[in-house]
Amino acid sequence: MQSDSVREPAEGTLADAHALYARVRTCRQCEPQLPLGARPIMQVDPAARLLIAGQAPGRKAHASGVPFDDASGVRLRAWLGLTPDEFYDPARVAIVPMGLCYPGQAASGDAPPRTECAAHWRSALLDTLSAVQMTLLIGAYAQTWHLPEDRRSVTERVSDWQAGWPTVVCLPHPSPRNQGWCSRHPWFESSFLPVLRARIAEVLDLPRTR
């Protein structure tokens, strides 16, 4: 899926991609198991050069229809050095969570993403993103799916960020619940994030200084 150069999809391929996106957005296969009903949320465009693979939309994102429309999104954008306009530009950034609908709550935080999404839609969606040059795998669910042979913990994968550099990078979830993780691993914000921001600016052709 990753490419060192941006490839322009053929016109027929673009039409097929947008037809797929329309089908995904009307998917209702898990509706009986979803506490707030089905509302698939993603941000996709064949021109996107950065792919964010997350967990599943939260309650606020479900209400607005906008991915990462919560405190986690604010923190993630700060980590990546992106403004809201840059982050929500589908021609730059694709956001495809493992579960496309809000799964409800568990004893601690949100429930796991529904597995039907990845089984039914994920490979087809990712195949439309031929211009992606960098993929960010946020949290255990995305990392396990994209890196099935890597059985390490999230912390071990994030610490070994150079393993997939510069095309695949593992990140912890930006939820405020993970503030303790960042406090225990100060290198993440002090040493790693500046390198990540510079790479993202390069991929998205953005100025490196603001």
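Relevant structure appears above.
Residues numbered from 1 in each chain as written. Predicted model: local features only at pLDDT ≥ 70, side-chain atom pairs only at ≥ 80, totals over all residues. Heavy atoms only, no water.

Remarks on the packing of aromatic side chains
The geometry of an aromatic ring pair is captured by the separation of the ring centres together with the interplanar angle, meaning the angle of the planes.
Turning to step 1, where the next piece is worked out: Counted under the stated rule, the structure contains nine aromatic pairs.
Turning to step 2, where the next piece is worked out: The interplanar angle of 45° and the centroid separation of 5.1 Å between the aromatic rings of Trp161 and Phe192 together place this pair among those described as tilted. A residue pair is termed long-range when its members are at least 10 positions apart, and Trp161 in the loop between helix 7 (154-159) and strand 4 (168-171) and Phe192 in helix 9 (residues 187-203) qualify at 31 residues.
Turning to step 3, where the next piece is worked out: With a relative accessible area of 17%, Trp161 lands in the buried category.
Turning to step 4, where the next piece is worked out: Members of the aromatic cluster, each reached through a chain of ring pairs, are Trp79, Trp161, Trp165, Trp181, Trp187, Phe188 and Phe192.
Turning to step 5, where the next piece is worked out: Note that Arg77 overlies the ring of Phe87, its terminal NZ or CZ placed 5.3 Å from the centroid.
Turning to step 6, where the next piece is worked out: A cation sits over an aromatic face here: Arg122 above Trp145, 5.3 Å from the ring centre. (Phe/Tyr/Trp six-rings, centres within 6.5 Å; stacked < 30°, edge-to-face > 60°. Helix = DSSP H or I, 4+ residues; strand = E, 2+ residues; numbered from the N terminus. Buried < 20%, exposed > 50% of the residue type's maximum accessible area, 1.4 Å probe, protein only. Lys NZ or Arg CZ within 6 Å of the ring centre and 35° of its normal.)

What to know about the pairing of strand 3 (residues 134-138)
Turning to step 1, where the next piece is worked out: For strand 3, the buried fraction is high: five of the five residues fall into the buried class.
Turning to step 2, where the next piece is worked out: Judged by which residues are buried, strand 3 turns out to be covered on both faces: Met134, Leu136 and Ile138 on one side and Thr135 and Leu137 on the other are all buried.
Turning to step 3, where the next piece is worked out: Relative to strand 3, strand 1 (residues 50-53) runs parallel, the two sharing four bridges. Bridge pairing in strand 3 places Leu51 opposite Thr135. (Pairing = 2+ DSSP bridges.)

Focus on the sheet that holds strand 2 (residues 93-95)
Turning to step 1, where the next piece is worked out: Spatially, 2-1-3-4 is the arrangement adopted by the four strands of the open sheet, whose pairing is parallel. At either end of the open sheet lies a strand with only one pairing partner, and these are strand 2 and strand 4. With direction set aside, neighbouring strand axes in the sheet form an average angle of 20°.
Turning to step 2, where the next piece is worked out: Taken strand by strand, helix 6 (residues 139-146) contacts strand 1, strand 3 and strand 4, and its axis lies near 130° from that of strand 3. (Axes fitted to C-alpha atoms, helices over the stretch in contact; angles between N-to-C directions. Contact = heavy atoms within 4.5 Å.)

Some remarks on the environment of Trp187
Turning to step 1, where the next piece is worked out: For Trp187, the location among the structural elements is in helix 9.
Turning to step 2, where the next piece is worked out: Taking C-alpha positions, Trp187 is 38 Å from Leu34, a pair spaced 153 residues apart along the chain.
Turning to step 3, where the next piece is worked out: Dropping the residues within four chain positions of it, Trp187 is found in contact with Val158, Ser159, Trp161, Trp181 and Phe192.

Re the nonpolar core
The tendency in soluble globular proteins is for nonpolar side chains to be buried as a group.
Turning to step 1, where the next piece is worked out: With 34 residues, the main nonpolar core has Ile52, Leu80, Leu136 and Leu196 as its most contacted residues.
Turning to step 2, where the next piece is worked out: Mapped by element, the contributors of at least two residues to this core are strand 1, helix 3 (71-80), strand 2, strand 3, strand 4, helix 8 (179-184) and helix 9.
Turning to step 3, where the next piece is worked out: The element best represented in this core is helix 9, accounting for seven residues.
Turning to step 4, where the next piece is worked out: Once residues within four sequence positions are removed from consideration, Leu196 is found in contact with Leu80, Met134, Leu136, Trp165, Val169 and Leu171.
Turning to step 5, where the next piece is worked out: Formed by 18 residues, the second largest nonpolar core is a distinct cluster that contains Tyr21, Met42, Val44 and Leu51. (Core = buried A, V, L, I, M, F, W, Y, C linked by side-chain atoms within 4.5 Å.)

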